[in-house]
Amino acid sequence: MGNVVMNASVSLDGFIAGENDDPGPLFEWLVSGDVPLDDSGVLNVSQASYDHIRPYWDEIGVTIAGRHVFDLTDGWDGQPPSGIDHVVVVTHRPAPDGWDASTPFHFVEGIEAAMATAKELAGDRIVEVAAGDVGGQMLAAGFVDEVRLDVAPVVLGAGKRYFGSVDTQHLLEGPDIVVQGNRVLHLRYRVRRRTT
């Protein structure tokens, strides 16, 4: 079974978007280089960012996201982002009216059901958890193995927190990866497991 990784671009003060869901300059690093990150023709990063991000993206089998992110992206038009095989959407609501049930999107209620579904679909590949409220709940429940941050040089001042509403202490190791790209610092921390 692959690792469970919480991941997102984040401001220096810990936000993944403003209050109005606008990420502002958090994604400048994805268009500030000269190395194509995918086939879209849009994402171009520094060589250092490519060497860090592309192998990670290639390992992801499933992304878990909340319904809010799904709605904001219009369900990625039925195509999982970045070549990912499946998206598991944590929601209390059914799929949108008219949603094509043959798309690789799975609508489940609760983080436990989301993790079970994602692990089954991912096999030995990575289960990626989007940062924010769902990611914070997954961390608090002990499901997350690694935390990855793409830290942008901006202070947003307020907004949507990387760890959502987590209000208890969680210790991380490391960082065991630190990569400087153009307008970004990539960090990876392993989650320290509690011993009883």
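Residues numbered from 1 in each chain as written. Predicted model: local features only at pLDDT ≥ 70, side-chain atom pairs only at ≥ 80, totals over all residues. Heavy atoms only, no water.

Draft legend 1. Fine view of helix α3 (residues 111–122). Between its first and last C-alpha atoms α3 spans 16 Å; for 12 residues at 1.5 Å apiece the expected length is 16 Å, and the two agree. Those residues of α3 that sit buried are Ile 111, Ala 114, Met 115, Ala 118 and Ala 122. Projected down its long axis, α3 shows its buried positions confined to an angular sector of 95°, all on one face. Among the exposed residues of α3, those pointing more than 90 degrees away from its buried face are Glu 112 and Glu 120. (Helix = DSSP H or I, 4+ residues; strand = E, 2+ residues; numbered from the N terminus. Expected span 1.5 Å × (residues − 1). Buried < 20%, exposed > 50% of the residue type's maximum accessible area, 1.4 Å probe, protein only. Arc of directions from axis to C-beta.)

Draft legend 2. Representation of the environment of Val 31. Among the secondary structure elements, Val 31 is positioned in the loop between β2 (15–17) and β3 (35–36). For the pair Val 31 and Asn 44, spaced 13 residues apart in sequence, the C-alpha to C-alpha distance is 4.8 Å. Ignoring anything within four residues of it in the chain, the contact list for Val 31 reads Val 42 and Asn 44. (Contact = heavy atoms within 4.5 Å.)

Draft legend 3. Layout of helix α4 (residues 133–140). Taken as a whole, α4 has its buried residues at Val 134, Gly 135, Gly 136, Met 138 and Leu 139. Buried residues belonging to α4 abut β1 (4–10), β5 (60–66), β6 (86–90), α3 and β8 (126–130). Gly 142 lies just past α4 and shows a positive phi near 85°.

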